[in-house]
Amino acid sequence: MVTFRKGDIIFCEYEPGDTFYLLQSGRVQIVRIIGELEKNIDILYPGEVFGEMAILEEAPRSATTIALDEVKALEFTKENFEVLMMGNPQIAMKLLKLFVKRIYDQKRRFMILTLEDVEAKVADVFLMLAENQSMDTSAGESIEFKTTVDDMSHWAGIPPGQCREVLNHFVAQRRIELHPDKIVVKNINDFARFVGSRRKHQEK
Amino acid sequence: MPKSVQYRANSIIYFKGDQSERIYLLNAGKVSLSYVDIESGQEMRDLIKTGEFFGVKSALGRYIREETAIVLQDSTVMVFSVGEFEQVASKNTRIITKMLKVFSNQLRRIHKQVQTLLVSDEQVNPETGLYKIGEYYMKNKRYGQALHAYKRYLVYYPSGAFATDVTSKIVSAEDFLSRYGSGEPPASAPAAAPAATAAAAGLSPSVSTSAQQAPADASGLAQQYYNAVSLVSQEKYMEAFKAFKKIIDGGADAEYSTKAEFEMAKCLFYLRQFDSCIKSFTTIVQKFPKHPEMKDALFFVARSYEEKGEKAKAAGLFKKILSMGTEDDPVIRKVKKALRTLEGGRV
């Protein structure tokens, strides 16, 4: 069990990682410094696992974690991992489900990145966001996304400038509305069909 | 209760695109999973071994099936609901740990595939990345967090491109932290902050279990301290600086941490971090107005001003030191010599 004081950094983006944590008490904020801004990625509550990529590979951490309260967490390493899992089937199951979600998320991201057409990439990011919120993409509904151009460009794997161009083009086509804090997609099914046809075209 | 179900050869257990919360365990027979590889677009087939589960990911994650399960020979399959699977697995965690290994391999593979597609625009050199995080928090006056990032930097890149800069910034961050607090940690934190932050960062191997740490034993400390002093005498100032820092971070008692702090400030002078040197010694003499080595401290401050070209300030301080000691004091002799050089230089 490890304890962090409010405000402590638990680990920094870019530092090598060999531990991961199960949050027992207190909240943990996940942030990334993008340019001159600290961007909030998520806030975790007790029962959640973070830093789990560390047991997979000794890649640098992909985000910074900060204790928002006094935080108590169980710390796992590659070495104690199996022993701890044996004694904690619920944690093991939680981790299994987390891995399932991560695999799915990565595959979904891969699908976006392998699209050749940039417009299709950006449209597919909207589809992914809709799926994450369990929204039906086959209905011709308007959906509001709490997202920004920078987020979109991150997911689409394209530079923000290029992403903005694509979004502006979608605005001109009246397919979306661009607001400072949100983007409204007028007809999500229109994007679903567009991405589907591009993907098919690519497979040929 | 999980049910045992017989399947005839050539039947389908489930289709790609189905949504279901059933998990299967092959007891006897032959089942294959066919799916399209996302990278190559090729149709792939995996054989399920007897005793192996399948359909787990889509059931647990409530996603649609990504593969079609085809029965190749007459087979017996146990069918579990997610709840039943969880019950069985929690009684036999080997099932879960084995699956975790399989899934972590899959995750590693897909993660790599994604990273290769991102290489061009998202990869930042981790050394620079870590440094920039420190810079960000420093700039935004979040000193506790800046300190953490900088200290991690020194752990991983002790002779990195930014090491000297980081070393002096650690001193400034600690100074700011003790004077203004970080805004984030509790206001009472200053004195304990550097050690506690370092402990939380896991800087010393013994602290990973708690942010609190018992001081190392005295003889070990003395050894550590004299090793560090010997680095100074070998003019290995950066290494010495870090060695002293480690003593403080390790939660040394007041005697050794005070000594180490003093030596660190000296190292900063030799590392030509004059501003940081001045700041550090100023903090020390404010904290200990009757410091036994007050004259030495002021001497380094004066020399730092001299190096910075602020000769009037340097001369003022040298004269102040002179008023504090007698002729036979080696510091006084050094000061007199320095003053002569300084005033000679001005003419």
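In case you missed it, the structure is sitting above this.
Residues numbered from 1 in each chain as written. Chains lettered and ligands numbered in written order. Predicted model: local features only at pLDDT ≥ 70, side-chain atom pairs only at ≥ 80, totals over all residues. Heavy atoms only, no water.

Colleague: Which residues make up the overall build of chain A, and what values do they have?
Modeller: Scanning chain A from N- to C-terminus turns up six helices and 11 strands. In chain A, which comprises 204 residues, the proportion classed as buried is 51%. Sequence separation of 24 or more characterises 69% of the internal contacts of chain A that already satisfy a separation of 6 or more. By element, 50% of the accessible surface of chain A is carried by carbon and sulfur atoms, the whole surface being about 9500 Å². (Helix = DSSP H or I, 4+ residues; strand = E, 2+ residues; numbered from the N terminus. Buried < 20%, exposed > 50% of the residue type's maximum accessible area, 1.4 Å probe, protein only. Contact = heavy atoms within 4.5 Å. Areas by Shrake-Rupley, 256 points an atom, 1.4 Å probe, with all protein chains shown as cover.)

Colleague: How would you summarise the packing of aromatic side chains if you had to cite specific residues and measurements?
Modeller: Counted by the stated rule, this structure contains 29 aromatic pairs over all chains. Feature note: the residues Tyr237(B), Phe262(B), Phe269(B), Tyr270(B), Phe274(B), Phe281(B), Phe299(B), Phe300(B) and Phe318(B) constitute an aromatic cluster, connected by ring pairs. Stacked on the ring of Phe194(A), the Lys or Arg Arg175(A) has its end atom at 5.1 Å from the ring centre. Over the ring of Tyr14(B) we find Arg65(B); its NZ or CZ atom is 4.1 Å from the centre of that ring. (Phe/Tyr/Trp six-rings, centres within 6.5 Å; stacked < 30°, edge-to-face > 60°. Lys NZ or Arg CZ within 6 Å of the ring centre and 35° of its normal.)

Colleague: Describe the pairing of strand β4 (residues 28-34) of chain A, listing the residues and the values that go with them.
Modeller: Residues and elements named next belong to chain A. Counting buried residues in β4 gives six out of seven residues, a clear majority hidden from the surface. Relative to strand β5 (residues 37-44), β4 runs antiparallel, the two being bridged by seven bridges. Considered in β5, the bridge of Arg32 is made with Lys39. The hairpin formed by β4 and β5 contains two residues between the paired strands, and Gly35 there has a positive phi angle of roughly 60°. Where β4 meets strand β7 (residues 64-67), four bridges bridge the pair, whose relative direction is antiparallel. By the bridge assignment for β7, Val28 is matched with Ala67. (Pairing = 2+ DSSP bridges.)

Colleague: Describe the interface of chain B and chain A, and please don't skip the residues or the numbers.
Modeller: Listed per partner, the contact involves 58 residues of chain B and 54 residues of chain A. Carbon and sulfur atoms supply 68% of the area that chain B and chain A bury against each other, a total of about 5200 Å² over both sides. The largest per-residue losses of area from chain B upon contact with chain A belong to Tyr63(B), Leu100(B) and Leu107(B), which jointly make up 12% of the total buried on that side. In this assembly, chain B and chain A are joined by four salt bridges. A salt bridge links Glu15(A) to Arg152(B), with the nearest nitrogen and oxygen atoms 2.8 Å apart. Linking chain B with chain A are nine residue pairs in polar contact (both at pLDDT 80 or more). Elements with a contribution of two residues or more to the side of chain B that touches chain A: α1 (56-61), α2 (82-91), α3 (93-122), α4 (126-139), α5 (143-156) and α7 (193-200) of chain B. The element best represented in the side of chain B that touches chain A is α3(B), accounting for 21 residues. Taken together, the residues of the side of chain B that touches chain A break down into 29 nonpolar, 15 polar and 14 charged. (Buried area = accessible area lost by both parts, 1.4 Å probe. Salt bridge = Lys/Arg side-chain N within 4 Å of Asp/Glu carboxyl O. Polar contact = N/O pair within 3.5 Å; in protein donor to acceptor, adjacent residues only side chain to side chain. Nonpolar A, V, L, I, M, F, W, Y, C, P; charged D, E, K, R; others polar.)

Colleague: Any details on the packing of helix α6 (residues 163-180) of chain B against helix α9 (residues 237-249) of chain B? Residues and values, ideally.
Modeller: All names here are of chain B. At a minimum axis distance of 11 Å, the contact between α6 and α9 shows a crossing angle of 35°. Like other packed secondary-structure pairs, α6 and α9 cross with a definite hand, here left-handed. Only Met238, Phe241 and Lys245 of α9 make contact with α6, whose side of the interface consists of Ala163, Thr164, Thr167, Ile170, Val171 and Glu174. Residues that form the contact of α6 with α9 fall into these classes: five nonpolar, two polar and two charged. (Axes fitted to C-alpha atoms, helices over the stretch in contact; angles between N-to-C directions. Left-handed = near helix turned anticlockwise from the far one by under 90°.)

Colleague: Account for the sheet that holds strand β10 (residues 176-178) of chain A, with residues named and values stated.
Modeller: All names here are of chain A. Pairing within the open sheet is antiparallel, and its three strands lie in the order β9-β11-β10. The sheet is open, and its two borders are formed by β9 (143-145) and β10, each paired with just one other strand. The average undirected angle you get between the axes of adjacent strands in this sheet is 15°. The sheet contact formed by β10 and strand β11 (residues 183-185) spans three bridges and is antiparallel. Note on β11: the bridge partner recorded for Ile176 is Val185.

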